[in-house]
Amino acid sequence: MSDVIHLEFDVAGNNFVSAGTATNQVKDTLRNLGIPNQDVRRIAIAMYEAEINMVIHACGGKATADIYADKIEVVLEDHGKGIENIELAMQPGWSTASEDIRGLGFGAGMGLPNIKKYTDEFKIESEVGKGTKVYLRVNFS
Amino acid sequence: MKIKDIVRILNAEILFADEKMLETEVNSACASDMMSDVLAFVKDQAVLITGLCNPQVVRTAVMMDMVCIVLVRGKQPDEIMLKLASEKRIAMLSSPLRMFGACGLLYEAGLKPEG
């Protein structure tokens, strides 16, 4: 595997049923490439949390995945309302999700902590009223 | 413990699972209605026990490579959930028990959180 595999996805906002399809395609692609299970799972969990965030908080956006021989890089970018205080958002249990979202099983305030836990690099840039960009990297073992 | 043992212990209805899947070994379990709590848990060959009933339950199980989902309190999955589960070959069960009772019986039967 010498070439970079580039994947692009439009993530539909407020479509809770389809949320996770982009991550699923990335996961299947990595699995087919023979990437070790634990690495596939790490990026799948991190990207899925980020994809869910984009659906429930930001009306959707774009996701790209670049798969190299030794790592995967995923970027998720939205033009949603942005995050006021990233430091606060990173705290386990802190959440701005509505009761409706909690009723769907998300918004426990574990999304960003989970992403940090499972990735080798996690960067987040956000501007209130403009949107949020998330970068994830997982190295293959 | 095998998936067929879970069916027996929890008096569960099999909503999706073939013979081969019923023979699949389950090493650990995670019980929660919050999917991010489930996503913080990584174990191989695990079963997800939940009172939540929507497509993201199945997606979460897929991301975690889980082998079985047990819906408690007799909840019934919709067609989207069943289609996802069958595509990804995750056993889908529904038990009339409540969460605490279901967890207690499985624990007593030897299924431990750490596998």
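In this text, all values refer to a predicted model and were calculated from it rather than measured experimentally.

About the cut-offs
Residues numbered from 1 in each chain as written. Chains lettered and ligands numbered in written order. Predicted model: local features only at pLDDT ≥ 70, side-chain atom pairs only at ≥ 80, totals over all residues. Heavy atoms only, no water. Helix = DSSP H or I, 4+ residues; strand = E, 2+ residues; numbered from the N terminus. Rg over C-alpha atoms; globule rule 2.2 N^0.38 Å. Buried < 20%, exposed > 50% of the residue type's maximum accessible area, 1.4 Å probe, protein only. Contact = heavy atoms within 4.5 Å. Areas by Shrake-Rupley, 256 points an atom, 1.4 Å probe, with all protein chains shown as cover. Lys, Arg positive; Asp, Glu negative; His and termini not counted. Charge placed at Lys NZ, Arg CZ, Asp CG, Glu CD. Core = buried A, V, L, I, M, F, W, Y, C linked by side-chain atoms within 4.5 Å.

Visitor: How would you summarise the overall build of chain A if you had to cite specific residues and measurements?
Guide: Tallying secondary structure elements over chain A gives five helices and five strands in all. Tracing chain A from N to C terminus, the helices and strands come up as β-α-α-β-β-α-α-α-β-β. Against the globule reference of 14 Å for 141 residues, chain A gives a C-alpha radius of gyration of 14 Å, in line with a compact fold. Principal-axis analysis of the C-alpha atoms places the extent of chain A at approximately 45 × 25 × 25 Å. Looking at chain A residue by residue over its 141 residues, the buried ones come to 50%. In chain A, 64% of the contacts between residues at least 6 apart in sequence involve partners at least 24 apart. For chain A, the exposed surface amounts to about 6,800 Å²; the carbon and sulfur share of it is 47%. Positive and negative side-chain charges of chain A, numbering 14 and 20 respectively, have mean locations separated by a distance of 4 Å.

Visitor: Lay out the overall build of chain B in plain terms, naming residues and giving numbers.
Guide: Along chain B, the regular secondary structure elements total six helices and five strands. Mapped from its N terminus to its C terminus, chain B presents α and β elements in the order α-β-α-β-α-β-α-β-α-β-α. Based on the C-alpha atoms only, the size of chain B along its principal axes is roughly 35 × 30 × 25 Å. Buried residues in chain B amount to 52% of all 115 residues. Here chain B displays about 5,000 Å² of accessible surface, and carbon together with sulfur accounts for 53% of that area. Side chains of chain B carry 13 positive and 15 negative charges; the gap between the two charge centres is 1 Å.

Visitor: I'd like a rundown of the nonpolar core, residues and numbers included.
Guide: A:Leu30, A:Ile72, A:Leu136, B:Ile6, B:Val47 and B:Met66 are the most contacted members of the largest nonpolar core, which totals 86 residues. Here the element with the most residues in this core is helix α2 (residues 37-58) of chain A; it accounts for 12 residues. Excluding residues within four positions of it along the chain, B:Ile6 makes contact with B:Met1, B:Asn11, B:Val26, B:Val47, B:Val70, B:Leu93 and B:Leu106.

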